[in-house]
Amino acid sequence: MNNFVTFYVEDRTFGFDIMIVKEINPNVNINPVPLCDNYIRGLVNIRGQVVLVMDIAVMLGRGPRPITEESQIIILKNHREISAIKGLDPDIDVHAFGDKPIGLIVDRIGEVIPIKRDAIEPPPRHLDEKNSRFFRGVVRLGKNLLVILNAEAMIGKK
Amino acid sequence: MNNDNDLIAEFIAESKEHLAHVESDVLKIEQQGENVDLEVVNHLFRAVHTVKGSSSFLDMEKITELSHSLENMISLVRSGELILDRVKAEAFLQGVDKLNILIDAIGNDGGIDIVKELEDLEAALSDSGKSGDEEGFEKLPDFSTIFDLSSNNAKLADCKKPIYAFTIDLFAECTAKKVLPLAILEEITLLGDIIASDLDLEYIGGLSEVKDKILFSFLIASVIDDMDILIQGMQIVPLRAEQIIIDSRGTQVGKKETTGADNQKPPGKKRKTGAKNSRTDDNDITTTDLKPVAESTVRIAVPLLDKLMNLASELVLVRNQHVQALNSNNIEHLANIAQRLNVVTSELQASIMQTRMRPIGNVFAKFARVVRDLANKLGKNVRLNIVGGEVELDKSIVEAIGDPLTHLVRNAVDHGIEFPDKRDADGKSPEGQLLLKAFHQAGQVHVQVSDDGKGLDPDMLRKSAVAKNILTMEQAEALSDEDALNLIFIAGFSSAEKVTDVSGRGVGMDVVKSNFHKLGGIIDVSSKVGEGTTITVIFPLTLAIVPALIVAVENFHFAIPQSNVMEIVWLHGADVYQKIEKVDEQEVYWLRGSLLPIMRLSKLLNIQRKFVDPSTKDFVEDRRADESDRRAQRGDIGDERRQGPVERRNSVHNSSYIVILKLGNEQIGLVVDLIIDTEEIVVKPLHAQLKDSGAFAGTTVMGDGKIAMILDMAGIARLGAFQSLNVDDSLTKTKKSSIDDRPSVLLFNVGGAETFAVPLGLIKRVEKMNAGQIQIANNKEYINFRGELVPLIRLEKAVPDIKSNYNEDMFVIIPKSIRPIGIVAANVLDNLEVDSGIDAVTITKECVIGSTLLDGALTLFLDVFAVIEKSEPGWAGNAIKYVGGPKKVLLIEDSAFYRAFISSYLKHAGHEIFLAQDGREGSEKVSQNQFDFIICDLEMPVMDGYQFVKWIKSKDEYKNIPVLALSGIDATVARDRAIAAGFDAFKSKLDRGGMFETLSSMCANNHKRSTAGGKRD
């Protein structure tokens, strides 16, 4: 049983293995950065640490998400922090994590849900490779589908 | 032999390391008196014991003998039989000093005598009626003296099995079982892992005298959780056995670590120093194991070294993968490897940087002895307190901080803290307190030396400064108390009433200050008479702190390193649109007569401009490229026209700034909206995802919590160059000389032998074009330029007797005129400064002002306006007729070029021209002729324009003659000054149309004025 942080982007539910999440922060005072890729929202100052904020929606081929009251930034652990985790899901590529803090902006944070590893299905094959490369797997949650995202693919450089 | 040398070197390094902490341990034990802290004693014991053991192994008799004596003393202290008082501590420390000397002189210690030290130690021991040698063999050492249980904590905690400590008699075991010691060890290791072991060499002795006891102690981690069973299993008869409880210690370590000062450290990774930090501050210093042996070497905590090793092996792995991928041509895999390499490299870099960080406690530790010795010598009673020894600073700072800090400490003890009787009389405790403190504040490290002594008296300092002729009485009195305190940092200032051998070493506080300053530290002093003095030195945490200029474009903030900033030019109101001109696609600005290439940060970084829509008050995005385009769309020679509709939409900022940057030898102007502030910024590394553009060098968090990108100057220059790739580089070269003397001209040809020159100031832009773009209508050529038909002029049609030969690719030169018009050029050659004047005599042609030799080639100066007039009559503005017939004009101008240039078009308009080279010559001409108007340059030798106009306006007979000021600089300041001096109007030298308009209006006004005057007469 691994715990997954779930969150919403455009009314779709996604999840990250909680072990790779450092914190969830409502500070969305994002300083935009000129000349960067469109999926990068900018930088945010979290207790003196400069966190790069990416937009999951843009990475999944959608338009940038508007920032609302409920918007949150999921800050992922860095390479050092991930390497220190014992019993990390072996599918997670520790080396994809960099040394600087990276966060992903989401519309809303959901619950933390325990999921058995074997309940996670691989992503359907007929998905567009461009977007599905960010999918690690799919889990049925009642009526909805929860897409477990591959954070490494998202934060790794292109 | 070599092997021996290695061993000796090892011994020296190890012994030095051990002995480095002995002093502070001894002093601590001395302070503690009866309530001695066993941990400190054990620490001390281990150090001396190790030195003794190793030296006996290496046959260093004197060292062994002396350290044996020292060890005896400590073992008595440990057993509580001896209390280390001041005399004994002195003897002990002297012994340690001698030990240090002996170690320094290994192999050459023949002349060093240890008799005195041995006698002193003996005396100290006999004083208490004990001799260390009475300690029998039966007395077994405590495990904590053999094994550093606390510092092994991480290792112990990690092994998660019960840990036991045993001492066995190896000799007895072997004899009983009739086996070799190895067999016994094998038996033991079957049941667990030996974490540490110790063979007490002392009990072995030399080969000649084999004792019947060999004490062997070891720490073992075993899955068996019952000690008795374990002992049975190992088949040993332990002399002493103990289970080591590590749970409580383990949690203690963890807990302490999370509260550590340095939150950069990865949680969960236990560093040796982290474990040490868990002790009290006092202990921290004594147990710091990072003290450098010599300045040229670095000692690194083992976990950090392990990490470096891991990273190095990972690097090798990546290299291997890389080679493999290259061999198999696996491009996809290469990207993965590159990413991995990136991670490894940055980790490696960070770790190596970490090796540079040293706890300041290393430096603080040595002051225990300094203060003690000093206080004893002076007969004072001083207690040293140390706080924050774990604060880390860059190695270079830690190494260099010692000397100036020593001076501060000596000063405090010598001058600051009073003698005990004085303190007593003042109602203070006789024991003076000296505090050495280090702490983090606002990203900086503060190091404080404070005492509770007599303090500094500002009045005394003032008097002293006056007495030493550093200040006058008035100056001294004007000083605030705070400033007066800072007098101590002035060279040649010493407040000590008597120079003692302690601090009278000729090193003043000024040297201390400059020493700290060299390290990037700032020193400050605060003091209260009777209460003490605190000297604070503030250091940057890392050297990655730079002063920067913070600028803004729209709502973006950027930091520009101050070292790149030369000056800032402020453009206000209409200047924003008027002062920046265009040559080709490049914008330029005349900065004190030199041509400065201009780049707009908004454009370089592709930042959308926002303007306030006057109807909705909303921010709207501006789709025009930049302000110059706005001007170009209107066409712009008449100044008044610019004042017309100007800018219907209001810019968010109605001013902008040009930050003049120095990039290598080049200067460029960077246009920004706002200058926010200058700030000392902490450089934070850039995320890999943001490196692509190359525009940024890092990020920084500013005081208000906003994040500013630090501009990478080289990257900015690259971005700028990228935008103007199709532009001849020479066009953007910075020109150094003043326009007044050496104007820049653009050189071009039409494919024939002739080279033409046009002053750059007359050109709005130069565009590349293709022959296919030319459209013909009404037997005239046009080019569609941004939606507007621009008529083209072929020079061969305007200038007689020249040949042309155009290629497919050609240029169109668009002069500044009311309506855009283009002169077709085959090649744009260069832009040059004209040193010489124009020869208006040798070659006289229609539409040519004159000729000159530029770079050895004959060059024809084109009369642009004549060319336009001839090709498109009326196109350049029909200002000439307004002047109202031929006039007598005096032109006072020192530059031969402008004399020729301006007089040529005045002549062309049919005026009679008189020339003068400076104001004095001009004034002579004025008295000889009756002029209708005078055109006068501002900057001239002998008598400048301002002086001339003052002179002429002071003469009743001439003051009605209108005088037009001409300047190469079209600056408001110059304009205001000229008008104030008495000029009737002010025009730019190259603005021909404007000049004619002004002349005509001046003539008209003058006419009215003179008729009005006539009526009055």
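Residues numbered from 1 in each chain as written. Chains lettered and ligands numbered in written order. Predicted model: local features only at pLDDT ≥ 70, side-chain atom pairs only at ≥ 80, totals over all residues. Heavy atoms only, no water.

A.B. asks: How should the overall build of chain B be read in this particular structure?
C.D. replies: Of the regular secondary structure elements, chain B holds 36 helices and 41 strands. Within chain B, the proportion of its 1017 residues that are buried is 50%. Intrachain contacts of chain B at a sequence separation of at least 6 include 68% that bridge at least 24 residues. Total accessible area computed for chain B in this model is approximately 47700 Å², and 51% of it derives from carbon and sulfur atoms. (Helix = DSSP H or I, 4+ residues; strand = E, 2+ residues; numbered from the N terminus. Buried < 20%, exposed > 50% of the residue type's maximum accessible area, 1.4 Å probe, protein only. Contact = heavy atoms within 4.5 Å. Areas by Shrake-Rupley, 256 points an atom, 1.4 Å probe, with all protein chains shown as cover.)

A.B. asks: Can you walk me through the overall build of chain A in this structure?
C.D. replies: Scanning chain A for helices and strands turns up 4 helices and 10 strands. For chain A, the N- to C-terminal ordering of α and β elements is β-β-β-β-β-α-β-α-β-β-α-β-β-α. Across the 158 residues in chain A, those meeting the buried criterion constitute 50%. Within chain A, residue pairs in contact and separated by at least 24 positions form 61% of the contacts whose partners lie at least 6 positions apart. Split by element, the accessible area of chain A, about 7600 Å² in all, is 48% carbon and sulfur.

A.B. asks: What am I meant to see in a nonpolar patch on the surface here?
C.D. replies: There is a patch of nonpolar side chains on the surface, built from Ile300(B), Leu305(B) and Met309(B) and spanning about 270 Å² of accessible area. Counting through the fold element by element, Ile300(B) comes out in the loop between helix 14 (281–287) and helix 15 (302–327). (Patch = residues over 30% accessible without salt bridge, like charges linked within 9 Å, V, L, I, M, F, W, Y side chains within 5 Å. Salt bridge = Lys/Arg side-chain N within 4 Å of Asp/Glu carboxyl O.)

A.B. asks: Can you walk me through the environment of Phe439(B) in this structure?
C.D. replies: Within the secondary structure, Phe439(B) sits in strand 8 (residues 432–441). Expressed as a C-alpha distance, the spacing of Phe439(B) and Glu390(B), which sit 49 residues apart in the sequence, is 9.1 Å.

A.B. asks: Just checking my understanding: could you explain helix 2 (residues 22–32) of chain B for this structure?
C.D. replies: Think of an α-helix as 3.6 residues a turn; residues three or four steps apart then line up on the same face. All names here are of chain B. Across the 11 residues of helix 2, 9 count as buried, placing the element largely inside the fold. Within the span of helix 2, buried status applies to Val22, Glu23, Ser24, Asp25, Val26, Leu27, Lys28, Ile29 and Glu30. One or two positions beyond helix 2, positive phi appears at Gly33, with a value near 60 degrees.

A.B. asks: Sorry, what's going on with the sheet that holds strand 3 (residues 215–221) of chain B here?
C.D. replies: Sheets are built from strands that pair by backbone hydrogen bonding, the pairs being arranged parallel or antiparallel. Residues and elements named next belong to chain B. Strand order in the open sheet formed by 4 strands is 2-3-1-4, with antiparallel pairing between adjacent strands. The outermost strands of the open sheet, each flanked by one partner alone, are strand 2 (193–199) and strand 4 (240–244). Neighbour-to-neighbour, the strand axes of this sheet turn through a mean angle of 15 degrees, independent of strand direction. Looking at chain direction, strand 1 (residues 163–169) and strand 4 are connected through 5 bridges and run antiparallel. (Pairing = 2+ DSSP bridges. Axes fitted to C-alpha atoms, helices over the stretch in contact; angles between N-to-C directions.)

A.B. asks: Can you walk me through helix 16 (residues 331–355) of chain B in this structure?
C.D. replies: End to end, helix 16 of chain B covers 36 Å across 25 residues, agreeing with the expected 36 Å (1.5 Å per residue, within 8%). For helix 16 of chain B, every residue scored as buried is listed here: Leu334(B), Ile337(B), Val343(B), Val344(B), Ser346(B), Glu347(B), Leu348(B), Ser351(B) and Thr355(B). Here the buried face of helix 16 of chain B lies against helix 2 (79–83) of chain A together with helix 15 and strand 5 (357–359) of chain B. Capping the start of helix 16 of chain B is the job of one residue whose side-chain oxygen sits 3.2 Å from the backbone nitrogen of His333(B): Asn330(B). (Expected span 1.5 Å × (residues − 1). Polar contact = N/O pair within 3.5 Å; in protein donor to acceptor, adjacent residues only side chain to side chain.)

A.B. asks: Just checking my understanding: could you explain the side chain of Glu23(B) for this structure?
C.D. replies: Residues and elements named next belong to chain B. Locating Glu23 in the fold gives a position in helix 2. At 2.6 Å, the side chain of Glu23 forms a polar contact with the side chain of Arg369. Those residues in contact with Glu23 that lie beyond four places of it in its chain are Leu93, Asp97 and Arg369.

A.B. asks: Got a minute to help me understand the interface of chain B and chain A in this structure?
C.D. replies: Much of the literature gives interface size as the accessible area that the parts lose upon coming together. Contacts between the two partners involve 33 residues from chain B and, on the opposite side, 31 residues from chain A. Surface buried jointly by chain B and chain A totals about 2800 Å² across both partners, of which 63% is contributed by carbon and sulfur atoms. One can count 0 salt bridges joining chain B with chain A. Inspection of the region where chain B meets chain A yields 5 residue pairs in polar contact (both at pLDDT 80 or more). Listing elements by their share of the side of chain B that touches chain A, those giving two or more residues are helix 15, helix 16, strand 13 (556–561), strand 24 (696–701) and strand 25 (707–711) of chain B. Ranked by residue count, the leading element in the side of chain B that touches chain A is helix 16 of chain B, at 5 residues. Of the residues that constitute the side of chain B that touches chain A, the class distribution is 17 nonpolar, 9 polar and 7 charged. (Buried area = accessible area lost by both parts, 1.4 Å probe. Nonpolar A, V, L, I, M, F, W, Y, C, P; charged D, E, K, R; others polar.)

A.B. asks: Is there a simple way to think about the side chain of His95(A) in this case?
C.D. replies: Turning to its location among the elements, His95(A) is positioned in the loop between helix 2 and strand 7 (102–106). Within the structure, His95(A) has its side chain in polar contact with the side chain of Arg340(B) (distance 3.3 Å).

A.B. asks: What should I look at first to understand the nonpolar core in this one?
C.D. replies: Where a protein is soluble and globular, its nonpolar side chains tend to be buried together. If you look at the biggest cluster of nonpolar residues, it comprises 87 residues, and the most contacted ones within it are Phe92(B), Phe364(B), Leu405(B), Leu408(B), Leu434(B), Phe516(B) and Phe539(B). Grouped together as the second largest cluster of nonpolar side chains are 70 residues, Leu792(B), Ile793(B), Ile843(B) and Val864(B) included. (Core = buried A, V, L, I, M, F, W, Y, C linked by side-chain atoms within 4.5 Å.)

A.B. asks: Is there a simple way to explain the sheet that holds strand 38 (residues 912–916) of chain B in this structure?
C.D. replies: Residue and element names in this part refer to chain B. If you walk across this open sheet you meet the 5 strands as 38-37-39-40-41, and the pairing is parallel. This sheet does not close on itself; its edge strands, each paired only once, are strand 38 and strand 41 (985–988). Neighbour-to-neighbour, the strand axes of the sheet open up by a mean angle of 25 degrees, direction not taken into account. With 4 bridges connecting them, strand 37 (residues 888–892) and strand 39 (residues 933–937) associate as parallel partners. Residue pairing in the sheet places Ile892 in a bridge with Cys936 of strand 39. Contacting strand 37, strand 39 and strand 40 (963–967), helix 34 (residues 945–954) crosses the sheet at an angle of about 150 degrees to strand 39.

A.B. asks: Can you walk me through the pattern of salt bridges in this structure?
C.D. replies: Between side chains of opposite charge, pairing is possible as soon as their charged atoms come close. All names here are of chain B. The final tally for this structure, using the stated rule, is 26 salt bridges over all chains. Across the salt bridge formed by Arg462 and Asp459, the nearest N and O atoms sit 2.8 Å from each other. In this pair, Arg462 and Asp459 both sit in helix 21 (residues 458–467), 3 residues apart, roughly one turn of the helix. The class for Asp459 is partly exposed, based on a relative accessible area of 45%. Asp984 is paired through a salt bridge with Lys953; the nearest N and O atoms lie 3.0 Å apart. Linking Asp984 in the loop between helix 35 (972–981) and strand 41 with Lys953 in helix 34, this pair joins segments that are 31 residues apart in sequence.

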